[in-house]
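Here's the letter readout for the chains.
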Amino acid sequence: MYRVVKETGQKVSGYAVIWCPDFRLQAVVRRVNWREEPVALVDDGQRQSLVLARNVAAAREGVDVGMKTVQALARCSGLRVERPSASGELAAGRMLLEAALGWVPGIEETEAGLLTLDLSTQVEEEWLESGRRTRGRLYDLGFEVVVGIGETPSLARIAALAAWQRGGSLWHLHRESRLEMLDGLPLTVAETGEELNERLRLWGIETLGAFARLSREAVASRLGEEGIELWLRLTGRLRRPLKLARLEQLFEEHHDFDYEVCDRESLLFVVNRFIENLSVRVERTGRAVIAVHLLLSYVDGACYAKRLALPEPLLDETVLFRLVSGHVETLEMKAAVEAVRLRFEPSDPVASQRQLFGAGLRNRFQFEETMKRLRRLVGADRVGAIREVDSHQPGAFQLVPLPAEIEEAKEHSGPPVTGLVLRRYAARIRARVWVRDGRPVQVDSPRASGVVVNISGPWRNEGVWWHRGREWERNEWDVELMKRGLFRLVECQGEWEVEGYYE
Amino acid sequence: MQNTGKVTPEKVVALQALRQQLGQELGQKITSGAELLEEQEGRESRWASGREDWDKRLGGGWARGQLTELVAPEVSSGSGLVMSQLLAQARRERRYAMLLDVGQGFSLETLPADDLETLLWVGCGSAKEAIEALDVASRDENFFLFLIDLRDSDPSDWRSVRASQWYRVLGQLRQRESVAILFARQAVTSVAKQRLELKQQFSWESLEGEREVLKASVQLERSQVQLVERERGRLRGMHGMGGAHGKSDEVLAVG
């Protein structure tokens, strides 16, 4: 079968790592937006204040990690000293997670500022573009991240570290050229211990590629557990399931007012923004909202909490805002509000009333889950609604998403459909064909053999003649083989094959 | 009469006479197990095929909540026509269908584009993969019709499917009342409640014939695949069954 999408012939598993270097610092730098100014994150918890991290601008001025803060300030008088911010890191972590959710739903929070994504639900051709888009989105939010793609979580991590070391932003460690790409990477990229690195240097092994070329037995016998673990990582044999992040934390927004809010308009302004953001996040997971939790904190220490339930799961921003604003209107504001928290309770968007008259997906969340699992099972390029493409190439088709709504079937117009249904053989069935007067008279092949009793053709077919090396042409014949059935024969550059059969 | 364990015509005649006699004595109609089964089948929910002639032969339509096997032993026996009718009917009723295509030989060029509007194609590398995919998909309430195409699959391939997996799928089909049709060259699993066989072979002229006319000549017949062997195999814990031909289902039911 010819495919417009790349025929891989096997399941494509892939992972991406989104890494935000110096995450604790970036959480602060992003918040105050001092990208160009020298900033250092210091730890005041010790007897002597030390630099935990610094940005590129500070490094240019000679500020280094582990340095005493006073020394750093002496080297760079304009250095802005910041303390770690737990709330800032929490918010930054959510932003990373949210951006990653726009790529694929399977995400693991491997460590602070490092996410591992399961790309098996996406077609391989889209990985790089999605990686660039995600990185761009995070850059707009003030984050400097690198993206690494590889066939296992470990290789994706190595790719991300390689991207960072080489000053790039995205690195794809291709399956086919993995060893060649690893040849260009120093041992430090694999985050191995100094002792192992030193031993390998003594062996004359300077790159990860050179190490991966060693035999497994040699590594196991001479380098022990650490060596074999590295070897398995580099050869793509070390696989592990991801611990998927709980996305529920994304469905919550919180805001501490810098001033006391006494009027409902200001409160609703913030609520409206929350609803817009949260709706987008819930939609990306293929779910809807069944209830909204509202929590108001007053300056007098009192709190007000309410769960506003919806009659059926939905994701209409207007309706959701009306629900919350309608409730806020009824509240008696005894004291000024100092903080507001809004949380969406997600649910499956099950069959609703419109299904009485329309037709389509009854349970979109379940459908997304099914698609995800099917893609993981058979490969992302083997699941979809099948559509014709504008090509003369026999059997060419494209896969598109299944429509969520089903329109009424159109009345068939035009000439009636004729003939049996063609089915192609998966593999090429080469045939030996006896020809008389330019017409096949007997066929011998592993799937169909016999004397040709009826024949029509040839139908000449050709394409891509404008592209040297990719042009093709073929002659098709429909044949009836005695007592065997109806088949399609194809002759292409003197070679014959049984393309399929009519059923 | 000596009991040899074999169903002979004499035994059948004697059985019928005994039933008649019992019925007269008790003043009630005596129903055999086979008749009860048939009645139950008739009561089961059916999905109309969209063709009256087929529905008559299918006992009201395709069985819902069951797996139906469609055995097409020869090439050009019309199984493609049956698939085309199933897709067209699902489209007409605005239902989602899923094709688990083992071998990935599905060709859309001989099918009306509109009939493919609600079809989700899943290309599978093996029968085992297809059944795993069916196991996943049959839990989804969005899909109503499942077509499993094993026509180009090797028997050794589908024999590797565990019996428990077939039964799990069947349980899910029952729960959702969805329709599942398995296309194969021979009998595949004892889980299939209904097995139909396409015995004819379409002639050369059918390549030019109007498809609706061709559909009318499709001979959907109950398969004569031996149930005894299948059941024995299942009890022995075999993983799927080959198509041993012999006594019909109906004969066994009487015996």
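All of the points below concern the structure found in this document. (Residues numbered from 1 in each chain as written. Chains lettered and ligands numbered in written order. Predicted model: local features only at pLDDT ≥ 70, side-chain atom pairs only at ≥ 80, totals over all residues. Heavy atoms only, no water.)

1. Considering the overall build of chain A
Scanning chain A from terminus to terminus reveals 13 helices and 20 strands. When the 503 residues of chain A are sorted by exposure, 49% land in the buried category. For chain A, restricting intrachain contacts to residue pairs at least 6 apart in sequence, the fraction spanning at least 24 positions comes to 59%. About 25,600 Å² of surface is accessible on chain A, with carbon and sulfur atoms providing 48% of the total. (Helix = DSSP H or I, 4+ residues; strand = E, 2+ residues; numbered from the N terminus. Buried < 20%, exposed > 50% of the residue type's maximum accessible area, 1.4 Å probe, protein only. Contact = heavy atoms within 4.5 Å. Areas by Shrake-Rupley, 256 points an atom, 1.4 Å probe, with all protein chains shown as cover.)

2. Observations concerning the overall build of chain B
In terms of regular secondary structure, chain B is built from 10 helices and nine strands. Counting over 255 residues, chain B shows a buried share of 55%. Considering only contacts within chain B whose residues lie at least 6 apart along the sequence, 70% involve residues at least 24 apart. Here chain B displays about 11,000 Å² of accessible surface, and carbon together with sulfur accounts for 50% of that area.

3. Some remarks on the interface of chain B and chain A
Listed per partner, the contact involves 64 residues of chain B and 66 residues of chain A. Counting across the interface, chain B meets chain A through nine salt bridges. We note a salt bridge from A:Arg447 to B:Asp152, for which the minimum N-O separation is 4.0 Å. One can count 33 residue pairs in polar contact (both at pLDDT 80 or more) joining chain B with chain A. Mapped onto the side of chain B that touches chain A, the elements with two or more residues apiece are helix 4 (79-92), strand 4 (96-102), strand 5 (119-124), helix 5 (127-137), strand 6 (143-149) and helix 8 (211-216) of chain B. (Salt bridge = Lys/Arg side-chain N within 4 Å of Asp/Glu carboxyl O. Polar contact = N/O pair within 3.5 Å; in protein donor to acceptor, adjacent residues only side chain to side chain.)

4. Some points on the packing of helix 4 (residues 86-101) of chain A against helix 5 (residues 127-140) of chain A
All names here are of chain A. Contact pair helix 4 / helix 5: the axes reach a minimum separation of 9 Å and the direction vectors enclose 150°. Classed by the angle they form, the pair helix 4 and helix 5 counts as roughly antiparallel. The hand of the helix 4/helix 5 crossing is right-handed. Seen from helix 4, the contacting residues are Met95, Leu96, Ala99 and Ala100; seen from helix 5, they are Thr134, Arg137 and Leu138. (Axes fitted to C-alpha atoms, helices over the stretch in contact; angles between N-to-C directions. Parallel < 35°, antiparallel > 145°, perpendicular 65-115°, else oblique. Left-handed = near helix turned anticlockwise from the far one by under 90°.)

5. Points about the pairing of strand 18 (residues 472-481) of chain A
Residue and element names in this part refer to chain A. Counting buried residues in strand 18 gives nine out of 10 residues, a clear majority hidden from the surface. The pairing of strand 17 (residues 450-463) with strand 18 spans nine bridges and is antiparallel. Along strand 18, the bridge assignment pairs Ser456 with Asp478. Two elements, strand 18 and strand 19 (residues 485-492), share seven bridges in a ladder whose sense is antiparallel. Pairing of Trp477 across the sheet is with Leu489, part of strand 19. Taken together, strand 18 and the strand that follows it, strand 19, pair antiparallel across an intervening segment of three residues, in which Lys483 is found at a positive phi of about 60°. (Pairing = 2+ DSSP bridges.)

6. Section: a nonpolar patch on the surface
All names here are of chain B. Residues Leu15, Leu18, Leu22 and Leu26 make up a contiguous nonpolar surface patch of about 350 Å² in total accessible area. Along the chain, the position of Leu18 falls in helix 1 (residues 9-26). When its relative accessible area of 46% is taken as the criterion, Leu18 is described as partly exposed. (Patch = residues over 30% accessible without salt bridge, like charges linked within 9 Å, V, L, I, M, F, W, Y side chains within 5 Å.)

7. Description of the pattern of salt bridges
If you walk through the whole model with that rule in mind, you get 49 salt bridges over all chains. The salt bridge involving B:Asp152 is made with A:Arg423; its shortest N-O contact spans 2.9 Å. With B:Asp152 in the loop between strand 6 and helix 6 (155-158) and A:Arg423 in strand 15 (residues 422-436), this residue pair bridges two chains. In terms of burial, B:Asp152 and A:Arg423 fall into one category: buried. Through salt bridges with shared partners, a single ionic network connects A:Arg424, A:Arg474, A:Glu476, A:Asp478, A:Arg488, A:Glu499 and B:Glu109.

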